[in-house]
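# Fold and geometry: a report
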Amino acid sequence: MLTTWGETLNKDCPLSEYPRPQFKRDSYLNLNGIWKCDFCESEELLSEYKYEIVVPFSPETPLSGINRTLGSEEYLVYEKEFDLPDGFNKGRVFINFGAVDQIAKVYINGKIVGSHHGGYTPFSFEITDYISEHNILNVTVRDLNEKNSYSRGKQNTNRGGIWYTAQSGIWQTVWIESTPYEYIPFVRITPDFDRECVVFSAPNGIRVQKQIYDGDFLIADTTDDTVIIENMKPWSPENPFLYKVVFTYGKDRVNSYFGMRKFSVGVDDNNIPRLMLNNKPYFFNGLLDQGYYPDGYLTPPSNEAMKFDVESVKSLGFNMLRKHIKIEPMLWYHYCDLNGIVVWQDMINGGGKYGMETSVVPFVGVNLDDTDYKMFKRTDERARALYYNELQEMLDALYNCPCIAVWVPFNEGWGQFDSDYAYNYIKSFDKTRLVDSASGWHPQNETDIISKHIYFTPIRVKVGDKPWCLTEFGGLGIKVKGHTFNERIFGYKIYKSKQGITSAYKRLFEKTIIPQIKKGLCATVYTQVTDVEDELNGLFTYDRRVQKIDTEVFKVINERMKI
């Protein structure tokens, strides 16, 4: 099953666009394309390889050209030869990986340059001292999936229902850049909406020059860390205005951007707790977004495919996506920034096998204590520590994305532990965003919202001391012949005709959802953007070729989804 983008894939250089527009340099060498690889009993580098693979697609995916699963006792060993163009090296050279699932070691010319644990976050290594005129890059990968307690999202070797095909290895762009010897490692950008200023923070006390542009007009040129934005233009879904900024330090030059917005909680004129955008009550009307594709799985077949998803959601009248248990390539967040799509970002779940004891008891009103590591299958101390390493890597990578409004550290009890600590950990790092500490089930004490998942029981808003949010619901499904991953059917309610699912969708929103907005409903996350494998409850089919309900139906309903 291929998407239109998969059908026209350029195997020599897929996903070739610069992958990190939030921190962009002119120096760029994309290493995606044809690599050698093999499946081995050890992680020793090889002299010969059996397979050719299209990177960055996991070997399990159709677009990789391999369609073979990495076993839990195997190592996946990659090799890629490359030359640096004349004049490319400005002083330092770095290799960047968008994501490698699950444990990676990186070698340049036979020498190890670094390793990384965790399958969803970006990482990089300086390779200045390892490179020569002609270079051999090797990556060795181990992926134990659910056989260890590392983060794995919705991957499962026994796929089916809400669990998807397991995959491994390199699944986001690999690329090289060069910087001067003195360079800018990062700049953290914090909009202060109330003071109408933006705060910049660079490491090691380096004084970075900032040139800020409103369109083509230079409005600030300074080394100050706090910059007043005169005649400030707020960022919102209705007007997603972005300021451009150029950072300069010595000979290093980096392009970035930011949006002036504020996410908070407050009360409306009737003293009902509300989510606020730019100090005004705002209804977040969104969809659950798994970010899977039938031909690339976690990897989009092209950047245009990601852009299509974001722009389609916006064109239907939605203003929010909950990125569900996946960290996307940085370009996906850029498209949300540009199009005015607010993002609620999930952390990746891990832990042991998810038991019925944590999944069933919420339906009978039981809320479990998530400091019970045995109950929540979180007894592996090293994996709990790795969770926070990955959480910090996610926060660092995505901090500068204007679109992100909410962090979601845990979902439905899957590998949940110490969520009160997680809440305070996130808040200590990022005070500009909200936290849904335990989405759906097993809330503890610390959270910014009341978060409910309701598929089978009546939806009744009960106003409390925090904004009441319906963070998963719906899941109405229909099978579109010729556009399914297989013959299995999973959905919370399946319909046989377009008319049937359209009527049910309208009834759900007109009779249940919209009337409760005035009563205190603050946000909705309908399941979901697209079908995913067995799941047939998307607004679009898995291949994105068919939209199941007419655009006008969505637009009419979404126009009413306001406070």
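Residues numbered from 1 in each chain as written. Predicted model: local features only at pLDDT ≥ 70, side-chain atom pairs only at ≥ 80, totals over all residues. Heavy atoms only, no water.

## A few points about the packing of helix α5 (residues 381–398) against helix α6 (residues 419–429)
Where α5 contacts α6, the two axes come as close as 11 Å, and the packing angle between them is 35°. At the point where α5 passes α6, the crossing takes the right-handed sense. When α5 is examined against α6, the residues Y388, L391, Q392, L395 and D396 are found in contact with a partner set consisting of Y421, A422, Y425, I426 and F429. A breakdown of the residues in the contact of α5 with α6 according to their chemical character gives eight nonpolar, one polar and one charged. (Axes fitted to C-alpha atoms, helices over the stretch in contact; angles between N-to-C directions. Helix = DSSP H or I, 4+ residues; strand = E, 2+ residues; numbered from the N terminus. Left-handed = near helix turned anticlockwise from the far one by under 90°. Contact = heavy atoms within 4.5 Å. Nonpolar A, V, L, I, M, F, W, Y, C, P; charged D, E, K, R; others polar.)

## Let's talk about the packing of aromatic side chains
Tallied over the entire structure, the rule returns 44 aromatic pairs. With 6.0 Å between their ring centres and 70° between their planes, F308 and F540 make a pair best called edge-to-face. With F308 in helix α2 (residues 303–315) and F540 in the loop between β34 (521–527) and α8 (551–559), this residue pair connects regions lying 232 residues apart in the sequence. Owing to a relative accessible area of 25%, F308 belongs among the partly exposed residues under this scheme. Chaining the aromatic ring pairs together yields one cluster made of Y373, Y387, Y388, F410, F417, Y421 and Y425. One Lys or Arg, R92, reaches over the ring of Y181 and ends 4.1 Å from the middle of that ring. Sitting above the plane of the Y399 ring, R433 keeps its charged end 5.5 Å from the centroid. (Phe/Tyr/Trp six-rings, centres within 6.5 Å; stacked < 30°, edge-to-face > 60°. Buried < 20%, exposed > 50% of the residue type's maximum accessible area, 1.4 Å probe, protein only. Lys NZ or Arg CZ within 6 Å of the ring centre and 35° of its normal.)

## Overview of α5
With 18 residues, α5 should reach 26 Å at 1.5 Å per residue; the first-to-last C-alpha distance of 26 Å fits that figure. All of the buried residues in α5 are A383, R384, L386, Y387, Y388, E390, L391, Q392, M394, L395 and L398. Contacts made by the buried residues of α5 are with β8 (111–117), α3 (330–339), β27 (342–346), β28 (404–408) and α6. Residue D380 occupies the N-cap position of α5, its side-chain oxygen lying 3.0 Å from the main-chain nitrogen of R382. (Expected span 1.5 Å × (residues − 1). Polar contact = N/O pair within 3.5 Å; in protein donor to acceptor, adjacent residues only side chain to side chain.)

## What about the sheet that holds strand β9 (residues 123–126)?
Hydrogen bonds along the backbone pair up the strands of a sheet, which may run parallel or antiparallel. Strand order in this open sheet of four strands is β1-β14-β5-β9, and the pairing throughout is antiparallel. Either end of the sheet is taken by a strand with one partner, and the two such strands are β1 (29–30) and β9. Judged from the six bridges that link them, strand β5 (residues 92–97) and strand β14 (residues 174–179) form a sheet pairing that is antiparallel. Residue pairing for β14: V93 is matched across the bridge by S178. (Pairing = 2+ DSSP bridges.)

## Some words on the sheet that holds strand β2 (residues 33–40)
The sheet built from six strands is open, its strands ordered β3-β2-β4-β10-β7-β8 with antiparallel pairing. Edge strands, defined here as strands with exactly one partner in the open sheet, are β3 (51–55) and β8. Ignoring strand direction, the axes of neighbouring strands in this sheet form an average angle of 25°. Where strand β4 (residues 75–83) and strand β10 (residues 134–142) come together, eight bridges link them in antiparallel fashion. Following the sheet pairing, V77 is matched in β10 by T140.

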